[in-house]
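Reading the structure
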Amino acid sequence: MIAVIDYHVGNLGSVTNALRRLDMDVEVTSNPEVILQADGVILPGVGTFPVAMKNLENEHLIEVLNEVKAKKTPIMGICLGMQVLFEKGYEVEETKGLGFLDGEVKYMDDVKAKIPHMGWNQLVINHPHPLLKYVQEGDYVYFVHSYRAHTTDDELIAYASYGGVKVPAVVIKDNVIGCQFHPEKSGEVGKKILLAFKELVSC
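Residues numbered from 1 in each chain as written. Predicted model: local features only at pLDDT ≥ 70, side-chain atom pairs only at ≥ 80, totals over all residues. Heavy atoms only, no water.

Under the annotation held in an unreviewed UniProt entry, the protein chain carries the name Imidazole glycerol phosphate synthase subunit HisH and is attributed to Sharpea azabuensis. In its Function (unreviewed entry) section, the UniProt record describing the protein chain reads: "IGPS catalyzes the conversion of PRFAR and glutamine to IGP, AICAR and glutamate. The HisH subunit catalyzes the hydrolysis of glutamine to glutamate and ammonia as part of the synthesis of IGP and AICAR. The resulting ammonia molecule is channeled to the active site of HisF." Entered under Subcellular location (unreviewed entry) in the UniProt record, the comment concerning the protein chain runs "Cytoplasm". (UniProt positions renumbered as here; feature names shortened; annotations may be inferred.)

Set out below in structure tokens:
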């Protein structure tokens, strides 16, 4: 079973529909017991970093997610859900993140292009990983965001070039996966990435 965490900032419908189209058993939940029993966890997110962290705290889910990580259960954060996996964010105000991924999330004021970054961009694969085994270099995925992660090269699995900078697209450390783009809105490429996540969970 895949637990899609409901912490009141997620675009839950499109994520769960995409997973169910791949015949995954999905439960949308904020129940700690259900989350801890899951074979895989997805943390979606639309909104701001401080609100996301406050909601996770209010729902008593920060400790739960730390337990999930410690159990080596695969966790995938999508968009804002990816960003809160990092150590710190600077949206609205400096806010501590979950610290599952190394680095910080900052406004994209160094980008020589329109912000928010919205639309289709090609993936550049930095390191091979089973999550991208069905993906080709140059495949397009769909982004919507104004903040980007600053992370280490060894955790940067794939990125997109936008406005003269590398925008981290997939960041992975151990059992923790972050996707800045929306796989559920990225057509066949996104479907292939979610299928690979399903296979990772099944291993």
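1. A look at the environment of Leu132
Checked against the element boundaries, Leu132 lands in the loop between strand 9 (124–125) and strand 10 (140–145). Given the relative accessible area of 5%, Leu132 is considered buried. Separated by 123 residues in sequence, Leu132 and Val9 place their C-alpha atoms 27 Å apart. In contact with Leu132, not counting residues within four places along its chain, are Ile125, Ile157, Ala158, Val170 and Ile193. (Helix = DSSP H or I, 4+ residues; strand = E, 2+ residues; numbered from the N terminus. Buried < 20%, exposed > 50% of the residue type's maximum accessible area, 1.4 Å probe, protein only. Contact = heavy atoms within 4.5 Å.)

2. A few points about the sheet that holds strand 5 (residues 88–89)
Spatially, the four strands line up as an open sheet ordered 6-5-7-11, and their pairing is mixed. The open sheet has two edge strands with one neighbour each: strand 6 (95–96) and strand 11 (147–150). The pairing of strand 5 with strand 7 (residues 104–107) spans two bridges and is parallel. Residue Lys88 lies in a different strand from strand 7, and its bridge partner there is Glu104. (Pairing = 2+ DSSP bridges.)

3. Here's the deal with the pattern of salt bridges
Within this structure, the stated rule accounts for six salt bridges. For the salt bridge of Asp110 with Arg148, the shortest nitrogen-to-oxygen distance reads 2.4 Å. One end of the pair, Asp110, is in the loop between strand 7 and strand 8 (117–122); the other, Arg148, is in strand 11, and 38 residues separate them in sequence. By relative accessible area, Asp110 is classed as partly exposed at 32%. (Salt bridge = Lys/Arg side-chain N within 4 Å of Asp/Glu carboxyl O.)

4. A closer look at the UniProt feature "active site" (unreviewed entry) in the protein chain
Those residues carrying the UniProt feature "active site" (unreviewed entry) are Cys79, His182 and Glu184 in this numbering. The greatest C-alpha distance among the annotated residues, which extend across 106 residues, is 10.9 Å, indicating that they converge on a single site. Along the chain, the position of Cys79 falls in the loop between strand 4 (75–78) and helix 5 (80–83). In this structure Cys79 comes out as buried when scored by relative accessible area, which is 8%. Excluding its chain neighbours within four sequence positions, the residues that come into contact with Cys79 are Gly45, Val144, Cys179, Gln180, Phe181 and His182. The residue His182 is located in the loop between strand 14 (176–179) and helix 6 (187–202) in this model. Using a relative accessible area of 4% as the deciding quantity, one classes His182 as buried.

5. Re the UniProt feature "domain: Glutamine amidotransferase" (unreviewed entry) in the protein chain
The sites that carry the UniProt feature "domain: Glutamine amidotransferase" (unreviewed entry) are, in the present numbering, residues 4–194. Taken end to end, residues 4–194 comprises 25% helix and 31% strand; its first and last C-alpha atoms sit 13 Å apart.

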